[in-house]
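The primary structure of each chain is shown beneath.
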Amino acid sequence: MELKLVQKRGSRTQEFELINDSELLIKEKNFLNSKEWTVDIESIGHQKIIEAHSRNGLRIVGSCFILIALTSWIAFFVEDNLNGEFDGLIWGGLFSLVLGITCFKAPLNNLLILNGGYSNLKFFLDSPSREEVEAFVNTLIALSKDKLRQKYSRVDSDIPEDTFMNQLNWLLNSKLISEKEFEEKKIEYKLSKLIK
């Protein structure tokens, strides 16, 4: 199964790729360094936290910088600039304009965080799009839950009853199996003990 997500934000790049259907390879790159590591798919969290910021503050600050630029240029044209005394207003206005545009174009630090496991993962929420990121994360969660269900609900008569029941209780409490599945696995385990 090919499952990969590439995210870019400014100079930072993140790649998430599922390898061997059991590990998530993570690569992070920026101007100064790069990191690469793997995370076992069973150890990721299943709780999604979305951290989104508003653009309103940046719009207000950007508008103020553009207003400063316009004001400095108006003052330059209204006053007589015979000796070049007001040339600083032009450069200050250009600088303010660049800062204003930067405020409008700056990327927001919106994140989707997978929490609750041994490994917490952070995804850029808007790169490449929110829908693609959420679909990728939902697929990861489904795969992780499936792996945990397969691993801990496997009926084996050689496993001590206390251990098996603890595993089933953990799966039930973690909402990885339903009450019906819990009861079915208990019966299946008891039957396997009788047959043995």
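A short tour of the structure in this document, coming up. Treat the numbers as computed from the prediction; the structure is a model and nothing was measured. (Residues numbered from 1 in each chain as written. Predicted model: local features only at pLDDT ≥ 70, side-chain atom pairs only at ≥ 80, totals over all residues. Heavy atoms only, no water.)

Turning next to the sheet that holds strand E3 (residues 23–29). Reading across the sheet, the 4 strands line up as E1-E2-E3-E4 and stay open at both edges, with antiparallel pairing between neighbours. Looking at strand neighbours, the two that pair on one side only are strand E1 (4–9) and strand E4 (34–40), the edges of this open sheet. Across this sheet, the average inter-strand angle for adjacent strands is 15 degrees, counted without regard to direction. For E3 and E4, the ladder comprises 7 bridges, and the chain directions are antiparallel. When the bridges of E4 are listed, Glu23 appears paired with Asp40. With respect to the sheet, helix H3 (residues 130–152) is in contact with E1, strand E2 (12–19) and E3, its orientation differing from that of E1 by roughly 140 degrees. (Pairing = 2+ DSSP bridges. Helix = DSSP H or I, 4+ residues; strand = E, 2+ residues; numbered from the N terminus. Axes fitted to C-alpha atoms, helices over the stretch in contact; angles between N-to-C directions. Contact = heavy atoms within 4.5 Å.)

Packing of helix H4 (residues 161–173) against helix H5 (residues 179–195) brings their axes to within 10 Å, and their N-to-C directions diverge by 165 degrees. If you check the angle between H4 and H5, you find them roughly antiparallel. In this structure, the crossing between H4 and H5 has a hand that is right-handed. Listed contacts from H5 to Glu161, Phe164, Met165, Leu168, Asn169 and Leu172 of H4 are Glu179, Phe182, Lys185, Lys186, Tyr189 and Lys190. By residue class, the composition of the contact of H4 with H5 is 6 nonpolar, 1 polar and 5 charged. (Parallel < 35°, antiparallel > 145°, perpendicular 65-115°, else oblique. Left-handed = near helix turned anticlockwise from the far one by under 90°. Nonpolar A, V, L, I, M, F, W, Y, C, P; charged D, E, K, R; others polar.)

A word on H4. For H4, built from 13 residues, the straight-helix expectation of 18 Å at 1.5 Å per residue is met to within 8% by its first-to-last C-alpha distance of 18 Å. Within the sequence span of H4, burial applies to Phe164, Met165, Gln167, Leu168, Leu171 and Leu172. Along the long axis of H4, the arc covered by the buried residues comes to 160 degrees, so they all point the same way. Exposed and facing more than 90 degrees away from the buried side of H4 are Asp162, Asn166 and Asn173. Here the buried face of H4 lies against H3 and H5. Lys175 occupies a position one or two residues after H4 and carries a positive phi of about 60 degrees. (Expected span 1.5 Å × (residues − 1). Buried < 20%, exposed > 50% of the residue type's maximum accessible area, 1.4 Å probe, protein only. Arc of directions from axis to C-beta.)

Next up on the list: the nonpolar core. Judged by nonpolar contacts, the single largest core of 19 residues is most densely connected at Leu121, Phe123, Phe136 and Leu140. Among the secondary structure elements, those contributing two or more residues to this core are E2, E3, strand E6 (111–115), strand E7 (121–124) and H3. Not counting the four nearest positions on each side in its chain, Phe136 is found in contact with Leu3, Lys4, Leu5, Phe16, Leu24 and Phe123. Listed in part, the 11 residues of the second largest apolar core include Leu168, Leu171, Leu176 and Ile177. (Core = buried A, V, L, I, M, F, W, Y, C linked by side-chain atoms within 4.5 Å.)

A few words now on the sheet that holds E6. The strand order E5-E6-E7 describes an open sheet built from 3 strands, whose pairing is antiparallel. Two strands lie at the open edges of the sheet, namely strand E5 (47–51) and E7, each paired on one side alone. Geometrically, the sheet is characterised by an average inter-axis angle of 20 degrees between neighbouring strands, direction not taken into account. By the bridge criterion, 4 bridges tie E6 to E7 in an arrangement that is antiparallel. Opposite Ile113, over in E7, you have Lys122 as the bridge partner.

Keep in mind that these numbers describe shape and distance, not what the molecule does.
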